[in-house]
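# Structure at a glance
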Amino acid sequence: MADRIPMRVYASTELITDLFNRFVYNVPTLELAEVMTFVDPVYIKWAIEQILGWMPENKCKHLYHIHGTEDQIFSYEHIRNAFPVEGGDHLMVVKKADAISTILSGILLIKEN
């Protein structure tokens, strides 16, 4: 399906911002629009294709999952064995960078021991 959508749709940050805000994020439009201006349309198309076609090949021995409890796209209630970020949504890397850095620091300490 992602291949059938014209590239100009992926390039329309205004349209993408509006659709995501209406159906997923529910954050102030100006805040989301600011984030979306940094998103390359080629990346958006690639990300959609990756999500729709992802099949894990094997289990990773040293995989650490950090997941927001308020993620609108991948619901936290379906996630197991993750480091939770309270109130973290799908944009938490922007909004909750300090919390994520703290979790990553802890993971690095685990790996050193």
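The preceding data block contains the structure.
Residues numbered from 1 in each chain as written. Predicted model: local features only at pLDDT ≥ 70, side-chain atom pairs only at ≥ 80, totals over all residues. Heavy atoms only, no water.

### Focus: the overall build of the chain
Within the chain, the regular secondary structure consists of six helices and two strands. Evaluated residue by residue, the chain yields a buried proportion of 22% over its 113 residues. Residue pairs at least 24 apart in sequence account for 37% of intrachain contacts in the chain once pairs closer than 6 positions are excluded. Per element, the accessible surface of the chain, about 8,800 Å² overall, is 58% carbon and sulfur. (Helix = DSSP H or I, 4+ residues; strand = E, 2+ residues; numbered from the N terminus. Buried < 20%, exposed > 50% of the residue type's maximum accessible area, 1.4 Å probe, protein only. Contact = heavy atoms within 4.5 Å. Areas by Shrake-Rupley, 256 points an atom, 1.4 Å probe, with all protein chains shown as cover.)

### Let's talk about a nonpolar patch on the surface
A cluster of nonpolar residues, Ile-51, Ile-73 and Phe-74, forms a patch on the protein surface that exposes about 250 Å² of accessible area. Classification of Ile-73 as partly exposed rests on a relative accessible area of 34%. (Patch = residues over 30% accessible without salt bridge, like charges linked within 9 Å, V, L, I, M, F, W, Y side chains within 5 Å. Salt bridge = Lys/Arg side-chain N within 4 Å of Asp/Glu carboxyl O.)

### Some remarks on the pattern of salt bridges
Pairing between side chains of opposite charge can happen when the charged atoms of each approach one another. Using the criterion set out here, one finds one salt bridge in the structure. Here Asp-89 makes a salt bridge to Lys-95, at a shortest N to O gap of 2.9 Å. A relative accessible area of 9% places Asp-89 in the buried class. With relative accessibility at 35%, the residue Lys-95 sits in the partly exposed group.

### Observations regarding the environment of Gly-68
Mapped onto the fold, Gly-68 is located in strand 1 (residues 65-68). With relative accessibility at 1%, the residue Gly-68 sits in the buried group.

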